[in-house]
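Chain and residue survey
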Amino acid sequence: LEEFRRIADFNRSCGVEVEEIGAEDVKRLFPLCRVDDVLSAFYVPGDGRVNPVDVTMALGKGTRMQGGQIFEGTPVTQVMVEDGAVKGVVTPRGTILCEHVVNCCGMWARQVGGVSG
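Computed from a predicted structure; not experimentally measured. (Residues numbered from 1 in each chain as written. Predicted model: local features only at pLDDT ≥ 70, side-chain atom pairs only at ≥ 80, totals over all residues. Heavy atoms only, no water.)

A cluster of nonpolar side chains, contributed by Leu1, Phe4, Ile7 and Leu39, occupies part of the molecular surface with about 440 Å² of accessible area. Relative to the elements of secondary structure, Ile7 occurs in helix 1 (residues 2-13). (Patch = residues over 30% accessible without salt bridge, like charges linked within 9 Å, V, L, I, M, F, W, Y side chains within 5 Å. Areas by Shrake-Rupley, 256 points an atom, 1.4 Å probe, with all protein chains shown as cover. Salt bridge = Lys/Arg side-chain N within 4 Å of Asp/Glu carboxyl O. Helix = DSSP H or I, 4+ residues; strand = E, 2+ residues; numbered from the N terminus.)

Pasting the structure below:
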């Protein structure tokens, strides 16, 4: 625990807001956590905040760099599944065979998930 406190102090000296919190605070912040064995925790309120547009663009760039393709403006009307595995998608522009489908449809994710079976 002392080592974590030293790390927290160092982070504070670098301008990072770090709070040492107890098990009850962990449970309040993260209700699904089991805290019966938690002695202490360190909370960084600004941790995990990102600009969603920047993350989307970075993920798209990484996908393309690895040989993946992104089809914008192409609604999925059916996800082709065979023996429990995705085989492709059907769109108004044709069928796209693939091994993986990423449902990143924002507010339409539920509808796309619904056609996935």
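Under the counting rule described, the total for this entry stands at eight salt bridges. Ionic pairing is found between Arg12 and Asp9, a salt bridge with its closest N-O pair at 2.7 Å. In this pair, Arg12 and Asp9 are both assigned in helix 1, three residues apart and thus about one turn of the helix distant. Overall, Arg12 belongs to the partly exposed group, its relative accessible area being 35%. When its relative accessible area of 47% is taken as the criterion, Asp9 is described as partly exposed. Across the pair Glu72 and Arg64 runs a salt bridge whose closest N-O atoms are separated by 4.0 Å. The structure contains a network of salt bridges with shared partners spanning Glu2, Arg5 and Glu20. (Buried < 20%, exposed > 50% of the residue type's maximum accessible area, 1.4 Å probe, protein only.)

Attention now goes to the side chain of Thr74. Checked against the element boundaries, Thr74 lands in the loop between helix 3 (52-65) and strand 3 (78-82). Within the structure, Thr74 has its side chain in polar contact with the backbone oxygen of Glu72 (distance 3.1 Å). Among the polar contacts made by the side chain of Thr74, one reaches the side chain of Arg93 at a distance of 2.6 Å. In this view, Thr74 contacts Thr91 and Arg93; residues no more than four positions away in its chain are not counted. (Polar contact = N/O pair within 3.5 Å; in protein donor to acceptor, adjacent residues only side chain to side chain. Contact = heavy atoms within 4.5 Å.)

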